[in-house]
Amino acid sequence: MVNLIVAIGKNNLIGLNNELPWHYKEDMEYFKQTTLNKKVIMGELTFKSILGYINKPLPKRTSVIATLTDYTYPGVEVTHDILGYLKNFPKEEEIFIIGGKVIYDLTLDIADRLYITHVNKEYEGNVFFKEIDYSKYKVISSKESGDLVFAVYERIR
């Protein structure tokens, strides 16, 4: 199953100069618990951003970098064709698309589930998620906590 996980602020904001515009411990914990022991796929800049934060790939997850460059990193899988990779990914296994914008734009239309943390507060930023047609999804869970709403949407087939 192809899952997409993202925190989206007002006006579809998702980033500020290759970083998150906000820092919510609860959202970081949700991301960790949701993706733990799963395969995560991301763009090269997102991977480098993670290295900048924690100096290593995400622990207890298998990282895949989708890139058009020759970039490699020890112990990390690389693909130059994210759509082909996801198309051939075993349906019975879960993979999480974790960013950035270009990767989200390429994969939104094939994701089976969207794990969206809606951030209901104004922040400054310069990277935005494209419009989601929510009529193509049903809400399978939603939990409100302060400024955040943790929602899971499943594609209607």
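Residues numbered from 1 in each chain as written. Predicted model: local features only at pLDDT ≥ 70, side-chain atom pairs only at ≥ 80, totals over all residues. Heavy atoms only, no water.

**Student:** Give me the sheet that holds strand 3 (residues 39–43): which residues, what numbers.
**Tutor:** Strand pairing in a sheet is mediated by backbone hydrogen bonds. Such pairs are either parallel or antiparallel. Read from one edge to the other, the open sheet built from 8 strands follows the order 5-4-3-6-1-7-10-9, with strand pairing classed as mixed. The open sheet has two edge strands, strand 5 (77–79) and strand 9 (137–145), and neither has a second partner. Geometrically, the sheet is characterised by an average inter-axis angle of 20 degrees between neighbouring strands, direction not taken into account. Both strand 1 (residues 2–8) and strand 6 (residues 95–97) contribute to a ladder of 3 bridges, which runs parallel. Within strand 6, the position partnered with Val-2 by the bridge is Ile-95. Sheet contacts for helix 2 (residues 44–54): strand 3 and strand 4 (62–66); angle to strand 3, the most-contacted strand, approximately 110 degrees. (Pairing = 2+ DSSP bridges. Helix = DSSP H or I, 4+ residues; strand = E, 2+ residues; numbered from the N terminus. Axes fitted to C-alpha atoms, helices over the stretch in contact; angles between N-to-C directions. Contact = heavy atoms within 4.5 Å.)

**Student:** Explain the pairing of strand 7 (residues 113–119) to me, and be specific about the residues and the numbers.
**Tutor:** Burial analysis of strand 7 places 6 of its 7 residues in the buried class, the great majority of the element. Direction of pairing for strand 1 relative to strand 7: parallel, over a ladder of 6 bridges. By the bridge assignment, Asn-3 is partnered in strand 7 with Arg-113. Relative to strand 10 (residues 148–155), strand 7 runs antiparallel, the two sharing 7 bridges. (Buried < 20%, exposed > 50% of the residue type's maximum accessible area, 1.4 Å probe, protein only.)

**Student:** Could you give an account of the nonpolar core, with specific residues and numbers?
**Tutor:** Counting 25 residues, the largest nonpolar core has Leu-4, Ile-41, Leu-114 and Phe-129 as the members making the most contacts within it. Among residues more than four places away in sequence, those in contact with Leu-4 are Ile-97, Tyr-104, Thr-107, Leu-108, Ala-111, Arg-113, Leu-114, Tyr-115 and Phe-129. Counting 23 residues, the second-largest nonpolar core is a separate cluster that includes Phe-47, Tyr-71, Val-76 and Leu-148. (Core = buried A, V, L, I, M, F, W, Y, C linked by side-chain atoms within 4.5 Å.)

**Student:** So what's going on with the packing of aromatic side chains? Which residues, and what values?
**Tutor:** What describes a pair of aromatic rings is the distance from one ring centre to the other and the angle between the planes of the rings. Here the structure, examined in full by the defined rule, presents 9 aromatic pairs. Geometrically, the ring pair formed by Trp-22 and Tyr-123 is edge-to-face, given 5.4 Å between the ring centres and 65 degrees between the ring planes. Placement of the pair is Trp-22 in the loop between strand 2 (13–15) and helix 1 (25–35) and Tyr-123 in the loop between strand 7 and strand 8 (127–128), with a sequence separation of 101 residues. Taking relative accessible area as the criterion, Tyr-123 reaches 25% and is therefore assigned partly exposed. (Phe/Tyr/Trp six-rings, centres within 6.5 Å; stacked < 30°, edge-to-face > 60°.)

**Student:** Tell me about a nonpolar patch on the surface, and name the residues and values.
**Tutor:** A cluster of nonpolar side chains, contributed by Leu-83, Val-102, Leu-106 and Ile-110, occupies part of the molecular surface with about 330 Å² of accessible area. Checked against the element boundaries, Leu-83 lands in helix 3 (residues 82–87). (Patch = residues over 30% accessible without salt bridge, like charges linked within 9 Å, V, L, I, M, F, W, Y side chains within 5 Å. Areas by Shrake-Rupley, 256 points an atom, 1.4 Å probe, with all protein chains shown as cover. Salt bridge = Lys/Arg side-chain N within 4 Å of Asp/Glu carboxyl O.)

**Student:** I'd like a rundown of the pairing of strand 4, residues and numbers included.
**Tutor:** Buried residues dominate strand 4, accounting for 4 of its 5 residues. The sheet contact formed by strand 3 and strand 4 spans 5 bridges and is parallel. Each residue of the ladder has a partner; that of Lys-39, found in strand 4, is Thr-62. With helix 2 bridging strand 3 and the parallel strand 4, this β-α-β connection has right-handed handedness. Pairing of strand 4 with strand 5, which is carried by 3 bridges, proceeds in the parallel orientation. (Right-handed = clockwise from strand over helix to strand, strands pointing away.)

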